[in-house]
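# Structural overview for review
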Protein chains: 2
Amino acid sequence: MIKYPMPKKRPSKQKVSVKNRGMTFEKLIDDANNYYREHDIANVHKKPIPIQIVNVDYPSRQKARIKEAYYRTPSTTDYNGIYKGHYIDFDVKESRNKTSFPLKNIHGHQINHLQSVHHHGGIAFLLVYLHSEDMTYLLTYPTLETFINREHNGGRKSITIEEIKEHGYPIKEAFLPRIDYIKAVDAYIKEITQKV
Amino acid sequence: MIKYPMPKKRPSKQKVSVKNRGMTFEKLIDDANNYYREHDIANVHKKPIPIQIVNVDYPSRQKARIKEAYYRTPSTTDYNGIYKGHYIDFDVKESRNKTSFPLKNIHGHQINHLQSVHHHGGIAFLLVYLHSEDMTYLLTYPTLETFINREHNGGRKSITIEEIKEHGYPIKEAFLPRIDYIKAVDAYIKEITQKV
């Protein structure tokens, strides 16, 4: 996309999408979580990256300096917390593919963890940002499972964009927070509790 | 304590306490969580330690080596997860003090986080191992709060051992897992749900 110099407009009139702002999708989810905590809506945190520490230097008691460490493979998803008494657990994904979201983007340990959370009565899902659509969808674990099972049974190794739009909860961009994903969580909780 | 050479006995006859095995209390809680996950009882994890990464070396794509990093102050507790549909969140403490557990052992960010979890309908608590008693107690957030309020109102800056024994849920050492804390969580959930 060619970026022409824009005439000055009032910001409220201009749509500033995830795409155009060059922010990472994860950063927007962190912003949403900060907003939810500050406004006492939910308590959701991103987990720190697991690190294997090998060598630490202690020049002073207060300032330990890690001199050698390695990244470890996480055994869970990146985000969890509590909302309206529900345990919520999810991972964040982006896809630049114009036709489908490849299932290989979701690691085995993430699927196993989401399955376990769902089994124990938690709210397990993915937040998927589709670059081609400039839209975010909440994909519940049970929905994801149907596509994983399809692959296991010899079917396609991806979820089509049309399937995500059909089965996911759409998350329209808002003002504050930009990705107000908790509304989609609400819709999912409503669907579950109505079934019971 | 003087360690005499012990005559050989069948292990099952001999009480091997947290104290005598020289294991850290946190390690025993990690063991319990592994047991709960393997037996599909609960899904609880310890969060990784937050690290500020400053410098990383990439000798190869697979083997990134962190060359400079620093410990960051966590903003939450160390453990959270799901049990029977409940969000559970806690921190693990030890006290070698023979008469009381000093409240300064619990950091401000931990208290704020537990308060928030409790407010959103989660199960928030501390697991406290008292070396002098060789016993572990589950101290619920509402109980902890009463002692924090007492301090704020000019009262003592600690919880006495007697108060912990009176108000905490005792966790007797078992065989597998050694610190079967989920039974105390059960008792707490039962107390809450009976109140409603």
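Our structure's up above, just so we're on the same page.
## Quick word on the pattern of salt bridges
Tallying each qualifying case throughout the model produces 15 salt bridges over all chains. Between A:Glu163 and A:Arg150 there is a salt bridge, with the nearest N and O atoms lying 2.7 Å from each other. Taken as a pair, A:Glu163 in helix α5 (residues 161-167) and A:Arg150 in helix α4 (residues 141-152) lie far apart in primary sequence, 13 residues in all. Classification of A:Glu163 by relative accessible area gives buried; the value is 16%. Across the salt bridge formed by B:Asp186 and B:Lys84, the nearest N and O atoms sit 3.1 Å from each other. Placement of B:Asp186 in helix α6 (residues 182-195) and of B:Lys84 in the loop between β4 (79-83) and β5 (86-95) is noted, with a sequence separation of 102 residues between them. Classification of B:Asp186 by relative accessible area gives partly exposed; the value is 26%. With relative accessibility at 54%, the residue B:Lys84 sits in the exposed group.

## Details of the packing of aromatic side chains
Residues and elements named next belong to chain A. One pass over the structure, following the stated rule, counts 15 aromatic pairs over all chains. With centroids separated by 5.4 Å and ring planes inclined at 25°, the aromatic side chains of Phe 25 and Tyr 129 adopt a geometry described as stacked. With a gap of 104 residues between them, Phe 25 in helix α2 (residues 25-38) and Tyr 129 in strand β7 (residues 123-130) connect regions that are remote in the sequence. Note on accessibility: Phe 25 and Tyr 129 belong to one class, buried. Measuring from ring centre to ring centre gives 5.1 Å for Phe 90 and Tyr 181, while their planes differ by 55°; the resulting arrangement is tilted. Of this pair, Phe 90 sits in strand β5 (residues 86-95) while Tyr 181 is found in the loop between β10 (169-171) and α6 (182-195), placing the two residues 91 residues apart along the sequence. Both residues of the pair, Phe 90 and Tyr 181, belong to the buried class. Clustering of aromatic rings is evident, with ring pairs tying together Tyr 35, Tyr 36, Tyr 79, Phe 90, Phe 125 and Tyr 181.

## Quick notes on the sheet that holds strand β7 (residues 123-130) of chain B
Residues and elements named next belong to chain B. The strand order across the open sheet formed by 6 strands is β1-β4-β5-β7-β8-β10, and the pairing between neighbours is mixed. Since the sheet does not close on itself, it has two edges, and those belong to β1 (43-46) and β10 (169-171), each with one partner. Averaged over all pairs of adjacent strands, the angle between strand axes in this sheet comes to 25°, irrespective of strand direction. The pairing of β5 with β7 spans 8 bridges and is classified as parallel. Each bridged residue has a counterpart across the sheet, and for Phe 90 the counterpart in β7 is Phe 125. The sheet strands contacting helix α3 (residues 108-119) are β5 and β7, and the helix crosses β5 at an angle near 150°. Here helix α4 (residues 141-152) sits on the sheet and contacts β7 and β8 (135-140); the angle it forms with β8, its principal contact strand, is near 85°.

## Observations concerning the environment of B:Asn55
All names here are of chain B. Among the secondary structure elements, Asn 55 is positioned in strand β2 (residues 51-57). Looking at Asn 55, the relative accessible area reads 34%, which means it is partly exposed. Along the backbone, Asn 55 and Glu 68 are 13 residues apart, and their C-alpha atoms lie at a distance of 4.9 Å. Beyond its immediate chain neighbours, meaning those up to four positions away, Asn 55 contacts Arg 65, Ile 66, Lys 67 and Glu 68.

## A short note on a nonpolar patch on the surface
A cluster of nonpolar side chains, namely A:Ile49, A:Tyr71 and B:Tyr58, defines an oily patch on the protein surface of about 340 Å² accessible area. Its location among the elements puts A:Ile49 in the loop between β1 (43-46) and β2 (51-57).

## With respect to the packing of helix α3 (residues 108-119) of chain A against α4(A)
Residue and element names in this part refer to chain A. With their axes 10 Å apart at the nearest point, α3 and α4 run at an angle of 130° to one another. Between α3 and α4, the crossing angle belongs to the class labelled oblique. Between α3 and α4 lies a crossing whose hand is left-handed. Between α3 and α4, the contacting residues are Ile 111, Leu 114, Gln 115 and His 118 on the first element and Tyr 141, Pro 142, Leu 144, Glu 145 and Ile 148 on the second. Here the contact of α3 with α4 is composed, by residue class, of 6 nonpolar, 2 polar and 1 charged.

Calculation rules
- Residues numbered from 1 in each chain as written.
- Chains lettered and ligands numbered in written order.
- Predicted model: local features only at pLDDT ≥ 70, side-chain atom pairs only at ≥ 80, totals over all residues.
- Heavy atoms only, no water.
- Salt bridge = Lys/Arg side-chain N within 4 Å of Asp/Glu carboxyl O.
- Helix = DSSP H or I, 4+ residues; strand = E, 2+ residues; numbered from the N terminus.
- Buried < 20%, exposed > 50% of the residue type's maximum accessible area, 1.4 Å probe, protein only.
- Phe/Tyr/Trp six-rings, centres within 6.5 Å; stacked < 30°, edge-to-face > 60°.
- Pairing = 2+ DSSP bridges.
- Axes fitted to C-alpha atoms, helices over the stretch in contact; angles between N-to-C directions.
- Contact = heavy atoms within 4.5 Å.
- Patch = residues over 30% accessible without salt bridge, like charges linked within 9 Å, V, L, I, M, F, W, Y side chains within 5 Å.
- Areas by Shrake-Rupley, 256 points an atom, 1.4 Å probe, with all protein chains shown as cover.
- Parallel < 35°, antiparallel > 145°, perpendicular 65-115°, else oblique.
- Left-handed = near helix turned anticlockwise from the far one by under 90°.
- Nonpolar A, V, L, I, M, F, W, Y, C, P; charged D, E, K, R; others polar.

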